Amino acid sequence: MQIDLYRPFQGENEKNIMSWLTDTHIHLSDDEYSQDIQFIIRSMEKIKIRACCVSMDLHSSEKTLDLSKKTKLVFPFVGIHPEKASNDLDPIVELIEKNSSQITGIGEIGLDKTYVSNQDGFKRQETVFHKMLSIAEKLNKPVSIHSRSTLEEILSILPSYSISGVLLHWFAGNKKQLKKTMDLGCYVSYGPAMIYAKDKQVLLSETNSDKILVETDGPVRFSRCFAMKTAQITFLPSVVFCAAKILKKTYDVLSYEIGQNTNRYLGV
Ligand SMILES: [Zn+2]
């Protein structure tokens, strides 16, 4: 099908192009959203947004699973965030194994030295991260990875695992690291910060088009045009709109492409 990039889609033949957006990394089980969750789910239905809801620890993993029972628009990701790496591993492993058919993916997992004060703390993060990756490999689930200032370590760990969908969320590496990430076949996601941060826009333009995903990482608060308000899932179309402008594609074409990338990442 010939597509005119500068004309909005219309008519029967192009209907399949219109696609749902997916926020590939948001903490909808965070207490910040508890009061408004019904409203959030309703707006997701209205503006056609699905979400990979990531977890931090056992408690939020249970909340994520509960939420995914209320709506098909939430894909549950469970796991232990590097900030919570000192938590007991056994209960979360048990939870994952018991609910493996309901769980979409493993996350948020990863490494982050800003949460530890010594080498032992980092060693513990590595142990937890390895355990989470091996579960994802065993259960054939995608992973959502936090890699703040630890990209080198993470990029050297990943080749020892065979996981089909690996997302380095909120990608903030340099161009060389991005190249390495692409060579490993990983996905990267960009969020609200890309709308005002030039360095993120440059990274986006250097990312393989079949590896781009979008996210909000709510309830993170973003500055500039977002005025430090709690990130909402409804920010997502603005992220896609900005990315489309940078990549010189129409909103519809880019959201279709990102939709295809998301399906491949999730294995659906
Ligand atoms: Zn997160």
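## A short note on the packing of helix α10 (residues 236–247) against helix α11 (residues 251–266)
α11 packs onto α10 with a crossing angle of 105 degrees between their chain directions and a minimal axis gap of 9 Å. By the angle class used here, α10 and α11 are roughly perpendicular. Across from Val240, Phe241, Ala243, Ala244 and Leu247 in α10, the residues of α11 making contact are Tyr251, Leu254, Ser255 and Ile258. Grouping the amino acids of the contact of α10 with α11 by side-chain chemistry returns eight nonpolar, one polar and no charged.

## A short note on α11
A rise of 1.5 Å per residue sets the reference length of α11, with its 16 residues, at 22 Å; its end C-alpha atoms lie 22 Å apart and thus fit the reference within 8%. Those residues of α11 hidden inside the fold are in contact with β1 (21–26), β3 (74–78), β6 (166–168), β7 (187–190), β8 (212–214) and α10. The positive-phi residue at the C-terminal boundary of α11 is Gly267, with phi of around 70 degrees.

## Looking at the sheet that holds strand β4 (residues 105–110)
Across the sheet, eight strands lie side by side as β1-β2-β3-β4-β5-β6-β7-β8; this open sheet has parallel pairing. Two strands bound the open sheet, and with one partner strand each, they are β1 and β8. When strand polarity is set aside, the average angle formed by the axes of neighbouring strands in this sheet is 30 degrees. As paired strands, β4 and strand β5 (residues 143–146) are joined by four bridges and run parallel to one another. Bridged to Ile109 within β5 is Ile145. Where helix α3 (residues 58–70) meets the sheet, its contacts fall on β2 (49–53) and β3, and the angle it forms with β3 comes to roughly 160 degrees. Along the sheet, α11 makes contact with β1, β3, β6, β7 and β8, crossing β8 at roughly 95 degrees.

## Considering the nonpolar core
Ranked by size, the top nonpolar core spans 68 residues in total, and within it Ala51, Cys53, Met132, Val143, Leu167 and Val239 carry the most contacts. Among the elements that make up this core, the one with the highest residue count is helix α5 (residues 119–139) (six residues). The residues contacting Val143, other than those within four sequence positions of it, are Gly105, Ile106, Gly107, Ile109, Leu133, Ala136, Ile163, Gly165, Val166 and Leu167.

## Focus: the pairing of β5
For a regular strand, side-chain orientation follows a simple rule: the groups alternate between the two sheet faces. Here β5 shows no split at all, with Val143 and Ile145 on one side and Ser144 and His146 on the other all buried. Running through α5, the crossover from β4 to the neighbouring parallel element β5 is right-handed. Where β5 lies against β6, three bridges are found, and the strand directions are parallel. Bridge pairing in β6 places Val143 opposite Val166.

Here is what the cut-offs are and how they apply
- Residues numbered from 1 in each chain as written.
- Predicted model: local features only at pLDDT ≥ 70, side-chain atom pairs only at ≥ 80, totals over all residues.
- Axes fitted to C-alpha atoms, helices over the stretch in contact; angles between N-to-C directions.
- Helix = DSSP H or I, 4+ residues; strand = E, 2+ residues; numbered from the N terminus.
- Parallel < 35°, antiparallel > 145°, perpendicular 65-115°, else oblique.
- Contact = placed C-beta atoms within 7 Å.
- Nonpolar A, V, L, I, M, F, W, Y, C, P; charged D, E, K, R; others polar.
- Expected span 1.5 Å × (residues − 1).
- Pairing = 2+ DSSP bridges.
- Core = buried A, V, L, I, M, F, W, Y, C linked by C-beta atoms within 7 Å.
- Buried ≥ 20, exposed ≤ 12 C-beta atoms within 10 Å, placed from the backbone.
- Right-handed = clockwise from strand over helix to strand, strands pointing away.

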